[in-house]
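# Analysis of the macromolecular model
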Amino acid sequence: MTSVSIQNLDLNFGSVNVLKQLNLSIEEGEFLVLLGASGCGKSTLLNCIAGLLDVSDGQIFINGKNVTWAEPSDRGIGMVFQSYALYPQMTVKGNLSFGLKNARLPKPEIEERVARAAEILQIEPLLDRKPGALSGGQRQRVAIGRALVRDVDVFLFDEPLSNLDAKLRAELRVEIKRLHQKLGNTMIYVTHDQVEAMTLADRIAIMRDGLVQQLAGPDEIYNRPANKYVADFIGSPAMNFFEGQAKKDGTINIGNLDVDLKGYEFADGPVNGPVWFGYRPEHVVLGEAARQLPLCVEAVADIVEPMGSDTLIWTKIEGVDFRIRTDGQAKVAAGDPLLVGMDPRYASIFDQQTEERV
Amino acid sequence: MANNSINIAATAVSGPSGPKPRPLLSPRNIMIYSTLFIVCMYYALPLYVMIVTSLKGMPEIRLGNIFAPPVEITFQPWVKAWAEACTGLDCSGLSKGFWNSVKILIPSAALSILIASINGYALANWKFKGSEVFFTILIFGAFVPYQVIIYPIVIILRELGLFGKLPGLVLVHVIFGMPILTLLFRNYFTSLPEELFKAARVDGAGFWGIYFRIMVPMSLPIFVVALILQVTGIWNDFLFGVIYTKPENYPMTVQLNNIVNSVQGVKEYNVNMAATMLTGIVPLIIYFASGKLFVRGIAAGAVKG
Amino acid sequence: MAGAKKPVRILRNLNAKVAALPMITTALVIFVGCTIWTIVHSFTNSRLLPKLEFVGFDQYERLWSTRRWLVSIENLAYFGIGSLVFSLVIGFLLAALLDQKIRFENTVRTIILYPFALSFIVTGLVWQWILNPEFGIQHIVRGFGFENFVFDPLYNPDIVIFGVLIAGLWQGTGFIMVIMLSGLRGIDGEIWKASRIDGIPKWKTYLFVVIPMMRPTFVTALVLISAGIIKVYDLVVAQTNGGPGIASEVPAKYVYDSMFRSQNLGQGFAASTMMLLSVLVVLIPWAYLEFGGRKDGK
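Every value quoted in this text rests on a predicted model; they were computed, and no experiment measured them.

Glancing now at the overall build of chain A. If you tally the helices and strands in chain A, you get eight helices and 21 strands. Along the longest, intermediate and shortest principal axes, the C-alpha atoms of chain A span 75 × 45 × 35 Å. Here chain A holds 358 residues, and 50% of them are scored as buried. Considering only contacts in chain A between residues 6 or more positions apart, those separated by 24 or more positions represent 66%. For chain A, the exposed surface amounts to about 15,800 Å²; the carbon and sulfur share of it is 47%. Here chain A holds 37 positive side-chain charges and 48 negative ones, and the gap between their average locations is 7 Å.

Structure, rendered in structure tokens:
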């Protein structure tokens, strides 16, 4: 069953269209991540779903109910904010129960829900403290708890981990995933962090300029990006791109190289014309094994960045800056000759005109 | 290697080492502190003169100089200023003006802060079409000379039956306090994280719920700032008091001016200064007690919206 | 279904609109309505009571041929220029002094600022006393042996306005100092580090780097001082009551006296409209620079 459905949503701030004819439907129990650079409209979309922003056009359904004009509190949603947004003068318990008191729930029920949420999030010892006396991680737990007690079907997360340091972020990320597995609620999660997106999501919606660029599972997004923007956005370091000339016979010409694209899955068979040939740094094969691959060139390492678990190598191929990510134990130094191999099976090819995957 | 570091250590002993000496009595310091001392003397002098004059008897004032400390301290001038000084035929002292000022101050300050804080909250969090336009008019209104508006307000108050009465003056203070206070609260509420407001809406709180349950408890400091601003401002007002009240309701400043600048009778400078001190003492206590908050209040007027 | 109710435009955000009613009423009725009312009535021959018998610019012609008004304008000019120059200069110098990481900064600031908490009436009366030639400064200096020393600004029509200026500056410079100090503190500390490394003397850094960076602060101070100058009334009433003769009259007092003493409302309205005009002369270029310029920047 569809949990949240957005139909032809428009949002204008003055003359600026922030969201353009946006359609999105989210299954019950699904974890959807809205991913994009800042200013792409992802937080705006979340605020529209929450009812914190009025839409200019279109409709929003939650659990089959048209909530386009409903108050935030009547939509059956809970929301977790980046800055936690805890009420500073209330205790943790007060924060958790504020919404329930506004909804005039009977006292025993409030007690019970707060106790349950506190137990799930393991914040029972903190209930009588004020937010000021909590650490960042604890505050975020309380913020999640505030959404939890509302006993709603849809959770909205607005960059909930951005204010935390890297270690805590990783911890809470796992916790949110565990929470989702346990509760089975629909969750819509906004972030600009692709690691969070890849690890948490059932599906990722990559947004740009108020439009969804691709809506698919993490695996699909990573391996088969729908266009050059998505390909460039996902992956670190970013995908390498060559300008090339594709031919109907399933080969491609890149500078002085002619490559047979054997193994590449074309969307509609081989194409003819100028294309971008994209290749992820981590799929590069180095050394003698490279000779087995359809695309194999010699290069010289410019800069080597050892990172412990991996090594990044910067080089130039056909006049283009080229990044390689390889084993952390690879002993490469600047100036060393390299044998670089690429397998078309892992490549992504985009039309130069439309920038769509071919 | 080891040899080298020993050499460096050896040369360091003879050269500059440890904290750089900073003599307390450098020419620069002497200049700064002596200038500041003179400046402070200058600013403090009038307060000092007020106090010593008010503690002297008239004969001593006629003989000595105004800066000399009193030879014989007397509190008679204070008693007289409070209870016996005359304005025209009425010789009941400043006490009446004091209580009038209190009666004006309390409702004016409370009402103006309540209204302005709600205005500021609506402007910061619940913008509606035209709200910014009204706010801009209000802020520009703060620059309109009072003289342009005072007479029409006389007419309005007369129509409302409030002219010459305390509620009328309270209304005037609420009106003229509104621009600066609304600006103060609007800027403060705008500076609060917007997500807090959003969270409260998701929690089902409405306009008044968010104001009373979330915003007010979070904003006590700014309420104190507004209170300081209003208490000193209203207490020190002269123009509105003299225009919109009748003599029996005159605030303390108006009465003070009438006592000191009355032409009849022999000038009693010690009583005058005691009366002046009495009038100045309320804002001074607030000023010295509030410290940084007072500065914050007056600086708020300098912050542009 | 609760969510499907169509919101009515006017009723949306109704609470906020109701809550803003006092502000809307004040803005429209008082600040716009009353101002227009006064301007309109300045073209009438209202005397004891306002009436709509239009007489064109008669009131203005009378106003500008009244000696007392001309004296008031002249005084306002002296007082205004003196206040602006001295407040800005003294305020900035004091702020710069306080910004030298001195000890007792809070004490010094407290002492310099306290006059600002006082009523103009109190300030006027104290300075009336200090400047009293029989007992005050003149008396004391003569006591030191300078028998011919003369310092009686409040009794000398030629310089009485400067006597008022002294009191006004005493009360107001602390405020300007506080504004300047917050401006100075708002300047990036790395500017000072950079100028130390470059070996630029402190006074040069102030003059060529810091002051230009403080332009917004100076503009703010300028606007605040100007707004204060035009309103000056209480101080004069308390200190000199316009005397000796009419030597220290100011426009605000002219307005008050016309309206409430000499039953000459038309003159009062015309004079107050002139005051409004002079405020606009300051305010409009400022608003244009501040807000008009900002729009282009965005």
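Hydrogen bonds between backbone atoms are what pair the strands of a sheet, whose relative direction is either parallel or antiparallel. All names here are of chain A. Read across the sheet, four strands follow the order β2-β1-β4-β5 without closing on themselves; strand pairing throughout is antiparallel. The sheet terminates laterally at β2 (16-27) and β5 (65-66), the two strands that pair on one side only. One ladder, built from five bridges, connects strand β1 (residues 2-13) with strand β4 (residues 57-62); its direction is antiparallel. When the sheet's bridge partners are listed, Ser 5 is paired in β4 with Phe 61. On the sheet, helix α1 (residues 42-50) packs against β1, β2 and β4 and is oriented at approximately 115° with respect to β1.

This next bit is on the interface of chain C and chain B. Taken together, the contacts link 89 residues of chain C with 85 residues of chain B. For the chain C face of the interface with chain B, the top three residues by lost area are Met 23, Phe 31 and Trp 129 of chain C, together amounting to 10%. Linking chain C with chain B are zero salt bridges. Joining chain C to chain B, the criterion identifies 16 residue pairs in polar contact (both at pLDDT 80 or more). Here the element with the most residues in the side of chain C that touches chain B is helix α2 (residues 21-41) of chain C; it accounts for 14 residues. Residue composition of the side of chain C that touches chain B, grouped by class: 66 nonpolar, 16 polar and seven charged.

Residues and elements named next belong to chain B. Here, UniProt's "transmembrane region" (unreviewed entry) annotation points to residues 30-51, 104-124, 133-157, 169-189, 210-235 and 271-289. Within residues 30-51, the helical portion is 100% and the strand portion 0%, while the C-alpha atoms at the span's ends are 30 Å from each other. Note that residues 210-235 is 96% helix and 0% strand, and that its end C-alpha atoms are spaced 32 Å apart.

Before going further, it helps to spend a moment on the nonpolar core. Core analysis: the largest hydrophobic core is formed by 228 residues, its most contacted members being Leu 45 and Ile 188 of chain A together with Tyr 244 of chain B. Among the elements that make up this core, the one with the highest residue count is helix α8 (residues 160-185) of chain C (15 residues). Core analysis: the next-biggest nonpolar cluster, separate from the first, contains 46 residues, Ile 120, Val 149, Leu 172 and Met 187 of chain A among them.

Bringing the packing of aromatic side chains into the picture now. Residues and elements named next belong to chain B. Enumeration over the complete set of coordinates arrives at 59 aromatic pairs over all chains. Each ring, one from Phe 185 and one from Phe 223, has its centre 5.0 Å from the other, and the planes form 55°; the classification is tilted. With Phe 185 in helix α8 (residues 166-191) and Phe 223 in helix α11 (residues 220-236), this pair connects stretches of sequence that are 38 residues apart. By the burial criterion, Phe 185 is buried, and Phe 223 matches it.

Residues and elements named next belong to chain A. Under the domain assignment, chain A is made up of domain 1 (2-229) and domain 2 (238-351). Taking only C-alpha atoms, the centre of domain 1 and the centre of domain 2 are 39 Å apart. In total, domain 1 and domain 2 occlude about 690 Å² of area from one another, counting both sides; carbon and sulfur atoms represent 53% of this. Three residues stand out in domain 1 for area buried against domain 2, namely Tyr 222, Arg 224 and Lys 228, and they jointly supply 74% of the buried area on that side. Counting across the interface, domain 1 meets domain 2 through one salt bridge. It is helix α7 (residues 218-223) that contributes the most residues to the side of domain 1 that touches domain 2, three residues altogether. Split by residue class, the side of domain 1 that touches domain 2 holds four nonpolar, two polar and two charged.

Feature annotation in UniProt assigns "domain: ABC transporter" (unreviewed entry) to the following positions: residues 4-234 of chain A. With 37% helix and 27% strand, residues 4-234 of chain A has its two end C-alpha atoms placed 26 Å apart.

Residue-level contacts link 27 residues of chain A with 14 residues of chain B. A buried area of about 1,700 Å², summed over both sides, lies between chain A and chain B, and 59% of it is on carbon and sulfur atoms. When the area that chain A buries against chain B is broken down by residue, the three leading residues are Tyr 87, Gln 89 and Phe 98 of chain A, summing to 28%. Salt-bridge contacts for Glu 71 of chain A lead to Arg 201 of chain B; the nearest nitrogen and oxygen are separated by 3.5 Å. Elements supplying a minimum of two residues to the side of chain A that touches chain B: β6 (77-80) and α2 (92-102) of chain A. Among the elements that take part in the side of chain A that touches chain B, α2 of chain A stands out by supplying five residues, more than any other. Along the lines of polarity and charge, the residues of the side of chain A that touches chain B split into 12 nonpolar, 10 polar and five charged.

Let's shift gears to the sheet that holds strand β21 (residues 348-351) of chain A. All names here are of chain A. Ordered by their spatial adjacency, five strands build an open sheet running β13-β12-β11-β14-β21, and the pairing between neighbours is antiparallel. In the strand order of this sheet, the two ends are held by β13 (257-260) and β21, each with one partner. Neighbouring strand axes in the sheet, compared pairwise and without regard to direction, differ in orientation by 35° on average. In the sheet, strand β14 (residues 273-279) pairs with β21 via four bridges, with the strands oriented antiparallel. Considered in β21, the bridge of Val 275 is made with Asp 351.

Residue and element names in this part refer to chain B. Note on placement: Ile 104 falls in helix α5 (residues 95-125). For Ile 104 and Met 31, which are 73 residues apart along the polypeptide, the C-alpha to C-alpha distance reads 47 Å. Not counting residues within four places of it along the chain, the set of residues in contact with Ile 104 comprises Leu 166, Leu 169, Val 170, His 173, Ile 234, Asn 249 and Pro 251.

We now examine the side chain of Ser 108 of chain B. All names here are of chain B. Position of Ser 108 among the secondary structure elements: in helix α5. Note on Ser 108: relative accessible area 0%, which makes it buried. Not counting residues within four places of it along the chain, the set of residues in contact with Ser 108 comprises Val 170, His 173, Val 174 and Ile 234.

All names here are of chain B. Domain parsing of chain B yields domain 1 (22-74) and domain 2 (95-300). Distance from the C-alpha centre of domain 1 to the C-alpha centre of domain 2: 34 Å. Taken residue by residue, the interface counts nine residues in domain 1 and nine residues in domain 2. Both sides of the domain 1 and domain 2 interface together cover about 740 Å² of buried area, and 82% of this is carbon and sulfur. In terms of surface lost to domain 2, no three residues of domain 1 exceed Met 50, Ser 54 and Met 58, which account for 58% of the buried area on that side. Where domain 1 meets domain 2, there are one residue pair in polar contact (both at pLDDT 80 or more). Elements represented by at least two residues in the side of domain 1 that touches domain 2 include exactly α2 (27-54) and α3 (58-63). Counting residues per element, the side of domain 1 that touches domain 2 draws most heavily on α2, which supplies five residues.

The periodicity of an α-helix, 3.6 residues per turn, causes residues three or four places apart in sequence to face the same way. With 31 residues, α5 of chain B should reach 45 Å at 1.5 Å per residue; the first-to-last C-alpha distance of 44 Å fits that figure. For α5 of chain B, the tally of buried residues reaches 22 of 31 residues, placing the bulk of the element in the interior.

Okay, the confidence of the model for chain B next. Mean pLDDT over chain B stands at 86; residues scoring 70 or higher make up 92%. Predicted confidence in chain B is weakest over helix α1 (residues 2-14) of chain B, with a mean pLDDT of 54, and strongest over α5 of chain B, with 93.

Quick notes on the rules
- Residues numbered from 1 in each chain as written.
- Chains lettered and ligands numbered in written order.
- Predicted model: local features only at pLDDT ≥ 70, side-chain atom pairs only at ≥ 80, totals over all residues.
- Heavy atoms only, no water.
- Helix = DSSP H or I, 4+ residues; strand = E, 2+ residues; numbered from the N terminus.
- Buried < 20%, exposed > 50% of the residue type's maximum accessible area, 1.4 Å probe, protein only.
- Contact = heavy atoms within 4.5 Å.
- Areas by Shrake-Rupley, 256 points an atom, 1.4 Å probe, with all protein chains shown as cover.
- Lys, Arg positive; Asp, Glu negative; His and termini not counted.
- Charge placed at Lys NZ, Arg CZ, Asp CG, Glu CD.
- Pairing = 2+ DSSP bridges.
- Axes fitted to C-alpha atoms, helices over the stretch in contact; angles between N-to-C directions.
- Buried area = accessible area lost by both parts, 1.4 Å probe.
- Salt bridge = Lys/Arg side-chain N within 4 Å of Asp/Glu carboxyl O.
- Polar contact = N/O pair within 3.5 Å; in protein donor to acceptor, adjacent residues only side chain to side chain.
- Nonpolar A, V, L, I, M, F, W, Y, C, P; charged D, E, K, R; others polar.
- UniProt positions renumbered as here; feature names shortened; annotations may be inferred.
- Core = buried A, V, L, I, M, F, W, Y, C linked by side-chain atoms within 4.5 Å.
- Phe/Tyr/Trp six-rings, centres within 6.5 Å; stacked < 30°, edge-to-face > 60°.
- Domains from an automatic or database assignment.
- Expected span 1.5 Å × (residues − 1).
- pLDDT = per-residue confidence, 0-100.

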